[in-house]
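Listed below, chain by chain, are the residues.
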Amino acid sequence: MTKERPHLPRPPLLPKPSEQSSLGTRASNEEKLRRRKLRTSQDSLTDPTGTGSSTDSLQDEKSGHSLLNSIFALQDRQASLGNDQNSSTELLLRKSRNISSSHSDPGKRSSCHTLPLKGDTQHQIIMSSKTKLSPLQHPGSLPPVGVNMASTSLRTANRIDQDCVDYAVIGKRGYERQHSSLSEYRLLDSMVSDNTSLSSMKSTLSVLNPIRPKDVRNRSFLEGSVLGHGALLGAEELDRYFPDRRVGIYIATWNMQGKKELPANLDDLLLPADSEFAQDIYFIGVQEGCSDRREWEIRLQETLGPYYVMLYAAAHGVLYLTVFIRRDLIWFCSEVEHATVTTRIISQIKTKGALGIGFTFFGTSFLFITSHFTSGDSKVYERILDYNKIIEALALPRDLPDTNPYRSSSSDVTTRFDEVFWFGDFNFRLNEDRTGVESILKQDLGSDMSRLLQYDQLSKEMKDGSIFKGFEEAPIQFLPTYKFDIGCDTYDSTAKQRTPSYTDRVLYRSRQKDDIKVMKYACCPTIKTSDHRPVYAVFQVKVRPGRDNIPLGAGQFDRNLYLEGIRRRITRELQRKEALKNQKNSVVCSVS
């Protein structure tokens, strides 16, 4: 048996017409060159190594070669056969395309060869060299898609998780690189192109933005410009932490009735179970506070945990005001100032009055006032006098600049800040006897307290404009918070039979409309160690960029309080686990 040649023999050439001119001779030479190139590519189709050989593909190759020989023969006769042969040629070309598309060679891309036909006309025969295989299917189920916690900025609200589940979640999930307020092309344009810098920028485990040496050299925290590049309180930093430029604020007010015993658990007050996120800044105002103020602050730190630090705390007699802030936000606060006012005739008695704290966060100034007004069902006028004295005598701000002095008044401290929150025991009552109020409480009120609030003294005075000018209050959808018997949900059962009333309130005002959005306004019915129920409110407040020329707080906080609160938090958790372990052991022993 003769050995099969690696490629097909050259097709025989037909004799040329005698009338062919020198131009035809030159064209014939060009055709020879093209045929050599075609034979070279034709050799590769035979696949001498056998890598892509199969029964079907070899049959396709033989039929394809026979078609090519016919095409070569047809080209040589083209001059004599005339235009009638063109249709046959095109038919053969179509067949060659169909057959050549089945040729396979997994290591090569499809090549395109041009065959000369009559005149300057050229047709392309595309010979695919890729093997068409059936699509592969995974034998089992596809792996699950990983959860991607992508964010455009560093969110400042904590998701409330029980038993510190958030630590485990962070360990299992990867954070994408957070976008800086600087656009990506600006970073890459001037970043030094070394492997360390680039890998640091593209790290998937860090939420910190890369810092360029150039920025560190040029950055000035005291440039005093809102638009200055790299300003600590400027727009870039603000947008990085608060893309929507709103900060979450939590405010609580509680008259503790001077009780020494503190509640066993403050979670329901500071971390309500129906809230998805904790807030960025906490303000807790207390009237008739406990005798051990430091213990109260430690308990607050223990409850809020390591996410928060105590920015400031002040007292005026038994009026306490404590500020806790997320630890990564302390750098954007100014120095904190406070002032006090006594409304008693004898100034040494500091049970009634006001305590105010003011500071600037980025470029927005805040004022928080907790107060305790004169008590008594009929002493509405005295309470209005307390209010007027406080707004005139509260000496704030002192060293902090006024962000809008043209809208400030020297006779009203609430006009000298962008955002003002006033909360406390205002002691306003319901102008209705005990019997009438109890009959309304026995009805199915749901969340509609309008039948009670129609007798509210504070609502009437605010509507008349005699007190809290420019202030607003969120709709009240909870029952009166005063006066309860200690440890139960029964209103005053003593001989005085005081009328249930809304004495504890949270009010707010702003220089700009819609700067403050109320997210929640409620009371905490589970804390029953006082004759008052705590009241709290949650807000989203607009924040604007600021200048770095204000007195900066520079990250100051109470370090000793932070460490003590965390130590107690850990100790209490260990004690709880030990108690559960002992309980399980005792159950096992009793069964056996």
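Here the structure is shown first, and the text comes after it.
Basis of the calculations
Residues numbered from 1 in each chain as written. Predicted model: local features only at pLDDT ≥ 70, side-chain atom pairs only at ≥ 80, totals over all residues. Heavy atoms only, no water. Helix = DSSP H or I, 4+ residues; strand = E, 2+ residues; numbered from the N terminus. Areas by Shrake-Rupley, 256 points an atom, 1.4 Å probe, with all protein chains shown as cover. Pairing = 2+ DSSP bridges. Axes fitted to C-alpha atoms, helices over the stretch in contact; angles between N-to-C directions. Contact = heavy atoms within 4.5 Å. Salt bridge = Lys/Arg side-chain N within 4 Å of Asp/Glu carboxyl O. Buried < 20%, exposed > 50% of the residue type's maximum accessible area, 1.4 Å probe, protein only. Expected span 1.5 Å × (residues − 1). Polar contact = N/O pair within 3.5 Å; in protein donor to acceptor, adjacent residues only side chain to side chain.

K.L.:
Which parts of the structure should I look at to understand the overall build of the chain?
P.N.:
From N to C terminus, the chain includes 16 helices and 13 strands. Total accessible area computed for the chain in this model is approximately 32500 Å², and 52% of it derives from carbon and sulfur atoms.

K.L.:
Got a minute to help me understand the environment of glutamate 392 in this structure?
P.N.:
Relative to the elements of secondary structure, glutamate 392 occurs in helix H12 (residues 380-393). For the pair formed by glutamate 392 and valine 341, sequence separation is 51 residues and the distance between their alpha carbons is 9.6 Å.

K.L.:
Looking at this structure, how should I read the sheet that holds strand E10 (residues 419-425)?
P.N.:
The strands making up a sheet associate through backbone hydrogen bonding, with each pair oriented either parallel or antiparallel. Strand order across the open sheet formed by 5 strands is E7-E8-E9-E10-E11, with mixed pairing between neighbours. Here the strands that pair on one side only, and so sit at the sheet edges, are strand E7 (337-342) and strand E11 (504-510). On average, each strand axis in the sheet is inclined to that of its neighbour by 15°, with strand direction left out of account. Packing against the sheet, H12 makes contact with E7, strand E8 (353-361), strand E9 (364-372) and E10, and its axis sits at approximately 145° to E7.

K.L.:
Explanation requested: the pattern of salt bridges in the structure shown.
P.N.:
Proximity of charged atoms lets side chains of opposite charge pair with each other. The final tally for this structure, using the stated rule, is 24 salt bridges. One salt bridge connects aspartate 274 with lysine 520, and the closest N-O pair in it is separated by 2.5 Å. Highlighted residues: aspartate 274 in the loop between helix H10 (267-270) and strand E4 (281-287) and lysine 520 in strand E12 (residues 516-523), separated in sequence by 246 residues. You can call aspartate 274 exposed: its relative accessible area is 57%. For aspartate 456, the salt bridge goes to arginine 505, with nearest N and O atoms at 2.8 Å. Pair noted here: aspartate 456 is in the loop between helix H14 (450-453) and helix H15 (457-464) and arginine 505 is in strand E11, with a separation of 49 residues, a long-range link. Several salt bridges share partner residues, and in doing so they unite Arg293, Arg294, Glu297 and Asp558 into one network.

K.L.:
What is the right way to look at helix H11 (residues 293-304) in this model?
P.N.:
Every α-helix carries 3.6 residues per turn, so stepping three or four residues along brings you back to the same face. Here H11 is 12 residues long and its end C-alpha atoms lie 17 Å apart, about the 16 Å a rise of 1.5 Å per residue gives. Within H11, 9 of the 12 residues are buried, which leaves it mostly tucked inside the rest of the structure. Every buried residue belonging to H11 is among Trp296, Glu297, Ile298, Arg299, Leu300, Gln301, Glu302, Thr303 and Leu304, and all of these are buried. One side-chain oxygen at the N-terminal end of H11 lies 3.4 Å from the backbone nitrogen of arginine 294; it belongs to aspartate 292. A positive backbone phi angle near 80° is found at glycine 305, which sits one or two residues after H11.

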